[in-house]
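Residues per chain, in single letters:
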Amino acid sequence: MKVDRLLFGAAYYDEYMPYDRIEKDMEMMVAAGINTIRIAESTWSTWEPEEGVFDFTHLDRMLDAAEKYGISVIIGTPTYAIPSWLAKMDDDILALTHSGQNTYGPRQNMDLTSPVYRKYAERIIRKLMEKVANRPCVIGYQIDNETHPYDTCGPRAQAMFVEYLKDKFPDIKTFNHEFGLDYWSNRVDNWDNFPDIRQTINASIGAEYQAFQRKIVTDFFNWQIDIVSEYKRPEQFITQNFDFEWHNYSYGMHPDVDQRNAAKNMTVAGCDIYHPSQDRLTGYEITACGNIARSLKDDNYLILETEAQGNIEWLPYPGQLRLNAYSHIGNGANSVMYWHWHSIHNAIESYWKGILSHDLVENESYREISRIGNEFKAIGSQIMNLKKDNKVAIVLDNRSLTGMSYFPTGTNGKSSYNAVFRAFSDALTDMNIEYDVIPPDRKSLSKYSLVIIPALYSAKEAFLLSVNKYVEDGGNAIVTFKSGFADEYLKIHSDVQPHIIRECLGIHYDQFTYPKDVPGCSEWMELVTCDTAEELLHYDHRYWGQYSAATINSYGNGNAMYIATLPDGAIIRELIRLLMDRIDFYDPDKLPFERHKKVTVKQGINEIGNHVLFFLNYSDDEIRINNIAGEAVILTGRAYETAGGTTLGQGEEFLLLPWDAVVLEYPVNS
C-alpha cells in the first residue's frame, strides 16, 4: 500500500487521561510533526459500559479534535479486551486452555470461537463503524490487536478440530497412518471417539491442533474484515497489529499466527516491534521482525507500535529514537507510531512509559520525536514507499517452529527455531546484506541468488524437490541442521537424512547429539559424512572430529552449503562470505555493504527512481565514512541540515555522530 506521507504518531486515549487536556495534547502533537493517532482498540467497556448501553463521548471528542488539528486517525476494533459484563454472559466466553479455565481480568482471555462473544463483538464493531466510517479524519482500521488463539481448547473448539481433520482426511485409516497413532494405543478408529487433545503424547496431533488454532485466528480476521468492509470507504485501509515471539522484546516468527495467510485479505500489514535500548540497541530486532512484516504482503508495511521511553531499562540514549525511526523506514516501513502518547497513571502498564512522562509536559523524548516528525515532513516524500530488491531470502515456516518446540535442538530455554533464524538474520545484518522472508513455497525461490533455509524441520516433499531443482538450475542455498527431517505432520522420514535434499547437499548423517566441549557449537550437532560435498569445517573433538560440521556441494549449475550445528556469529558470517565469494555475489569495492564497526546500511528505491541509502550508527562512536557510491544529497544527519541541504561528492567523507542516522539520496544517473 502506498501512502501520500509517512504516518508518524502514537496511540492516544482521551479516556485514560487524569484530566481534560485534549486540546493541549493535539497542539503538542502538531508541534511535534505527529500526523496520525491510533484509538479505540481496547475501549469496549468505555463504549458499552452496560449491555446494550452505548456511550461514544470520548470517541467523538477525539475525532472532533483530530479533524480540528488536521490529524489522521486509525480506528481499532475494540474486541481484544472484553467488558466484565460480557464475561458473565455465558460460561464459555472465557477460553478453556491447557492451563485451565481463564478468569476475567487480563485482556485476550476469551474464546474466539464463542458464538456469544462473536454476537456482541459484531454489535460493537457495527456501532463503532456507524460512528466513524464517514469521518474525514479516519484513514484506516486495525482489526483487533496482537490477536492469537489464546490457546482455546474447550469442547466446542475441539469439536471444530475434529471436523477440520475430517475434511483433510476423509479416510480415518489414512489419518491414523499419517499421525502414527498405533504408538501407545493412540489409534482413533471412530471420529466420535476422538480424545481430548490437551494431554496428547502425539506431537503430530498437538502440532496439527496448533495449526488449527492458527486457522481460527485467520478466520476471525476475515470475519471482522467482512464486517468492516460493509462500512469503510474505498480509500480507507484495513490492517492488523501483528506481534512477534516475545523474549522480553520482539524476537522472531510468532508461533500462534500464520501471519502471511492472515494478512491476505488486509490492505497492508502492520506490526509492533519492541527491543532493548541503551548499550543493548543493535537494530537486529527492527531488521528481523520488520523483514517478516514486509514479506507478509511483499510490500511496505506499517509500524503501528514501537517504544518511546518504554520499559524502565529501555529509556533511550539521546539520538536513539531518531536512529530507530530511520531504521524502520529504511527497512521498508511507511510509518512510525509509538505506544503511546502519554504514560499511564494506574494499572499494569503504569511503568511502560509513553512519549510524555507522568507529568504530561515536554521532555527529552518529546523533543527528539519532534525532530523526527519535522524531518519526516521535510523529506518524507523522498523516503516513503521505498521498494526493496533483495537478492537473498530466508525461508520461515510455522510448522517447523511448532515441530521444534516439541523436539528442541538446544537446552537454552529459547525457541530453537527462532534462535536459528535470528543467528542468520543477525549475521546478514552484520554483513549489511538485506534479505526477504519467504514461505516454503517452490514459486518463491527463483528470484533470489541465495536462499537460506534454517532448520526446516517440517516440510512437504514438493518443496524439498524444488530446492534440488533451484540449486540445479543455478541457485545457491545454505541449509542448516534438522532441515527435511519430518513431513508436514511431523512424521520422521524413514530413509537416509536429510530427506530428498541430500541430493543437492551431497551429504548424509544418521546420528546427532548436543555439543559438549565442542568449541564454536552452541546448539545441536549432526555427525555428517560427505558424499560428493567438500568439507569446510569439522568438529574439534576427540571422537566427533571425523565428522563434518559444514560442507559445500556443487550441484548442477548451483551450490548448496550444509551447516550441521549452530556456530557462533563469526563462523556463520565466514561461511556466508565463503559462499558469496564462490558465486561472485557482490563487489565490496563498489558497494558499501560490509559493516563498518556498528554501522548498518539499508537501501531502497524511492518513488522517483532514486537510490536511497540509510547509514545507521548503532554505537556511541563518531564514525567517518567515505561515500563510494556516487554523487549524493544528504537528506538528513545530525551533523547536517535537513531537506537536502548538502551535496556529497563521490569519495567525499561524511560524519555519523553517536547513535546517528545519515540518509543519502543518489540520483538515477549518479
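One structure accompanies this document, and this report is about it. Quick caveat, the model's predicted, so the values are computed rather than measured.

1. A closer look at the nonpolar core
Argument step 1. Among the nonpolar cores identified, the biggest contains 209 residues, and Ile75, Phe175, Tyr338, Trp341 and Ile383 are the most heavily contacted of them.
Argument step 2. With 14 residues, helix H8 (residues 203-229) is the largest single contributor of residues to this core.
Argument step 3. Other than its neighbours up to four places away in sequence, Phe175 contacts Leu165, Phe169, Leu181, Val188, Trp191, Phe194 and Ile205.
Argument step 4. Grouped together as the second largest cluster of nonpolar side chains are 17 residues, Tyr640, Leu648, Leu655 and Tyr666 included.

2. Quick look at helix H1 (residues 22-31)
Argument step 1. Ile22, Asp25, Met26, Met28 and Met29 are the residues of H1 that are buried. All buried residues of H1 lie within an arc of 160° about the axis, which places them on one face of the element.
Argument step 2. Buried residues belonging to H1 abut strand E2 (36-39), helix H3 (57-69) and helix H12 (364-383).
Argument step 3. After H1 finishes, the residue Gly33 shows a positive phi value of roughly 80°.

3. Re the pattern of salt bridges
Any two side chains of opposite charge can pair, given that their charged atoms come close.
Argument step 1. Within the structure shown, the criterion is met by 43 salt bridges.
Argument step 2. Arg21 is the salt-bridge partner of Asp25, the closest N and O atoms lying 2.8 Å from each other.
Argument step 3. Owing to a relative accessible area of 0%, Asp25 belongs among the buried residues under this scheme.
Argument step 4. Between Glu208 and Lys168 there is a salt bridge, and its shortest N-O distance comes to 2.9 Å. Of the two residues, Glu208 is situated in helix H8 and Lys168 in helix H6 (residues 155-168); the sequence distance between them amounts to 40 residues.
Argument step 5. In this structure Glu208 comes out as buried when scored by relative accessible area, which is 1%.
Argument step 6. Via salt bridges that share partners, Arg322, Arg371, Glu375 and Asp660 belong to a single interconnected network.

4. A closer look at the packing of aromatic side chains
Argument step 1. For the structure on display, the rule yields 40 aromatic pairs.
Argument step 2. With a centroid separation of 5.3 Å and an interplanar angle of 55°, the aromatic rings of Tyr164 and Phe212 are classed as tilted. Linking Tyr164 in helix H6 with Phe212 in helix H8, this pair joins segments that are 48 residues apart in sequence. As far as burial versus exposure is concerned, Tyr164 and Phe212 are alike and both buried.
Argument step 3. Here the aromatic residues Phe161, Tyr164, Phe169, Phe175, Phe179, Trp191, Phe194, Tyr209, Phe212 and Tyr489 are joined through ring pairs into a cluster of three or more.

5. Focus: the packing of helix H14 (residues 416-430) against helix H17 (residues 569-582)
Packed helices, taken two at a time, are described by the angle between their axes plus the distance between the axes.
Argument step 1. Closest axis-to-axis distance for the H14/H17 pair is 9 Å, and the angle between their directions is 70°. Classified by the angle their axes make, H14 and H17 are roughly perpendicular. The two elements H14 and H17 meet at a crossing, and its hand is right-handed. Counted together, Ala423, Phe424, Ala427, Leu428 and Asp430 of H14 and Ile572, Arg573 and Ile576 of H17 form the full contact between these two elements.
Argument step 2. Partitioning the contact of H14 with H17 into residue classes produces six nonpolar, no polar and two charged.

6. Thoughts on the sheet that holds strand E12 (residues 302-307)
Within a sheet, neighbouring strands are paired by backbone hydrogen bonds and run either parallel or antiparallel to one another.
Argument step 1. The nine strands lie next to each other as E7-E6-E3-E2-E1-E13-E12-E11-E8, forming an open sheet whose pairing is parallel. In the strand order of this sheet, the two ends are held by strand E7 (237-239) and strand E8 (241-242), each with one partner.
Argument step 2. In the sheet, strand E1 (residues 7-11) pairs with E2 via three bridges, with the strands oriented parallel. Following the sheet pairing, Gly9 is matched in E2 by Thr36.
Argument step 3. Across the sheet, helix H11 (residues 320-330) touches E12 and strand E13 (335-339), and the angle it forms with E13 is around 135°.

7. Some details on helix H15 (residues 461-472)
Argument step 1. Counted at 1.5 Å a residue, the expected span for H15 with its 12 residues is 16 Å, and the 17 Å between its end C-alpha atoms agrees.
Argument step 2. On its buried face, H15 is in contact with strand E14 (392-395), strand E16 (450-453), strand E17 (476-480), helix H16 (502-505), strand E21 (548-555) and strand E22 (558-563).
Argument step 3. Following H15 by one or two positions, Gly474 adopts a phi angle in the positive range, close to 115°.

8. Focus: the environment of Tyr150
Argument step 1. Relative to the helices and strands, Tyr150 is located in the loop between strand E6 (138-142) and H6.
Argument step 2. Taking relative accessible area as the criterion, Tyr150 reaches 10% and is therefore assigned buried.
Argument step 3. Sequence separation between Tyr150 and Gln108 is 42 residues; the distance between their C-alpha atoms is 6.8 Å.
Argument step 4. Ignoring any residue separated from it by four or fewer positions in sequence, one finds Tyr150 in contact with Ala95, Thr97, Gln108, Met110, Leu112, Asp144 and Asn145.

9. Observations concerning the side chain of Gln240
Argument step 1. Here Gln240 is to be found in the loop between E7 and E8.
Argument step 2. Separated by 2.8 Å, the side chains of Gln240 and Thr147 make a polar contact.
Argument step 3. Reaching out from Gln240, the side chain makes a polar contact with the backbone nitrogen of Phe242 at a distance of 3.2 Å.
Argument step 4. Beyond its immediate sequence surroundings of up to four residues, Gln240 is in contact with Gln142, Ile143, Asp144, Asn145, Glu146, Thr147, Phe221, Met266, Val268, Gly270, Cys271 and Leu304.

Rules used in this analysis
The written sequence of each chain sets the order in which its residues are numbered from 1. Side-chain atom pairs in this predicted model are given and counted only at pLDDT of 80 or more, local residue features only at pLDDT of at least 70, and totals for whole chains, interfaces and linings cover all residues. Based on all heavy atoms of the structure, the side-chain values leave hydrogens and waters out of the count. To form a nonpolar core, buried Ala, Val, Leu, Ile, Met, Phe, Trp, Tyr and Cys residues must be joined to one another through side-chain atoms within 4.5 Å. Exposed residues in this analysis have more than 50% of their type's maximum accessible area, buried residues have under 20%, and partly exposed residues fall in between, with area computed by a 1.4 Å probe over protein chains only. In this text, helices come from DSSP runs of H or I with a minimum length of four residues, and strands from runs of E with a minimum of two, each type numbered from the N-terminal end. Contact criterion: two residues are considered in contact whenever any of their non-hydrogen atoms come within 4.5 Å of each other. Think of the arc as the fan of directions from the helix axis to the C-beta atoms. A carboxyl oxygen of Asp or Glu within 4 Å of a side-chain nitrogen of Lys or Arg is what we treat as a salt bridge. Here is the rule: rings of Phe, Tyr and Trp (six-membered ring for Trp) pair when centre to centre is within 6.5 Å. Planes less than 30 degrees apart are stacked, more than 60 are edge-to-face, and the remainder are tilted. The axes used here are C-alpha line fits, helices contributing only the stretch in contact, and every angle between their N-to-C directions lies in the interval 0 to 180 degrees. By the definition adopted for this analysis, an angle is roughly parallel if under 35 degrees, roughly antiparallel if over 145, roughly perpendicular if from 65 to 115, and oblique otherwise. Two helices crossing with the near one rotated counterclockwise from the far one by less than a right angle form a left-handed crossing, whereas a clockwise rotation gives a right-handed crossing. Residues were grouped as follows: Ala, Val, Leu, Ile, Met, Phe, Trp, Tyr, Cys and Pro as nonpolar; Asp, Glu, Lys and Arg as charged; and all remaining residues, including Gly, as polar. Two strands pair under a simple rule: DSSP has to find at least two bridges between them. Multiplying 1.5 Å by the helix residue count minus one yields the expected span of that helix. Any pair of N or O atoms that falls within 3.5 Å is considered a polar contact. Within protein, one atom must be able to donate a hydrogen and the other to accept it, and sequence-neighbouring residues count only if both atoms are side-chain atoms.

That is the geometry; function is a separate question.
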